[in-house]
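Fold and geometry: a report
Given next are the chains, with one letter for each unit.
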Amino acid sequence: MTDPSPGAPVSRNARRERLVGLLVLGVAFVLLVSSPTWFAADQAGVGIGQLVVAAVLAVVGALLVRRAGRD
């Protein structure tokens with residue numbers, strides 16, 4: 001499949017996927033940045049869990065944004 005030209009209109013689904021992907025990436029970033037709070041509060045288990053969830057969300061968000069760019 002060829003890459004669309006920069007001026008080509010983007011479908012609504014591609015735009016929606018991109019926006020959802022960026023939202024998920026934003027949530028992953030917030031989780032990542034706020035995780036040190038749990039380590040400082042001597043709750044390392046919660047901090048590690050938060051880092052795992054942030055990593056999973058970052059992968060999902062990146063895949064959505066990348067997939068939307070191909071359409």
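Below: a short report on this structure. Bear in mind that the values here come from a model prediction, so they are computed numbers and not experimental data.

Now for the overall build of the chain. Of the regular secondary structure elements, the chain holds two helices and zero strands. Sequence separation of at least 24 residues holds for 64% of the intrachain contacts in the chain that already meet a minimum separation of 6. By element, 68% of the accessible surface of the chain is carried by carbon and sulfur atoms, the whole surface being about 5,300 Å².

With respect to the helices and strands, Gln50 occurs in helix H2 (residues 44–70). Within the structure, the side chain of Gln50 is placed 3.0 Å from the backbone oxygen of Leu31, a separation counted as a polar contact. With near-sequence residues (within four places) excluded, Gln50 lies in contact with Leu31, Ser34, Ser35 and Trp38.

Looking now at H2. Relative to the 39 Å expected for 27 residues at 1.5 Å per residue, H2 spans 39 Å between its end C-alpha atoms, a close match to the ideal helical length. For H2, the full list of buried residues reads Gly47, Gln50, Ala54, Gly61 and Ala68. Taken together, the buried residues of H2 touch helix H1 (12–40).

Parameters at a glance
- Residues numbered from 1 in each chain as written.
- Predicted model: local features only at pLDDT ≥ 70, side-chain atom pairs only at ≥ 80, totals over all residues.
- Heavy atoms only, no water.
- Helix = DSSP H or I, 4+ residues; strand = E, 2+ residues; numbered from the N terminus.
- Contact = heavy atoms within 4.5 Å.
- Areas by Shrake-Rupley, 256 points an atom, 1.4 Å probe, with all protein chains shown as cover.
- Polar contact = N/O pair within 3.5 Å; in protein donor to acceptor, adjacent residues only side chain to side chain.
- Expected span 1.5 Å × (residues − 1).
- Buried < 20%, exposed > 50% of the residue type's maximum accessible area, 1.4 Å probe, protein only.

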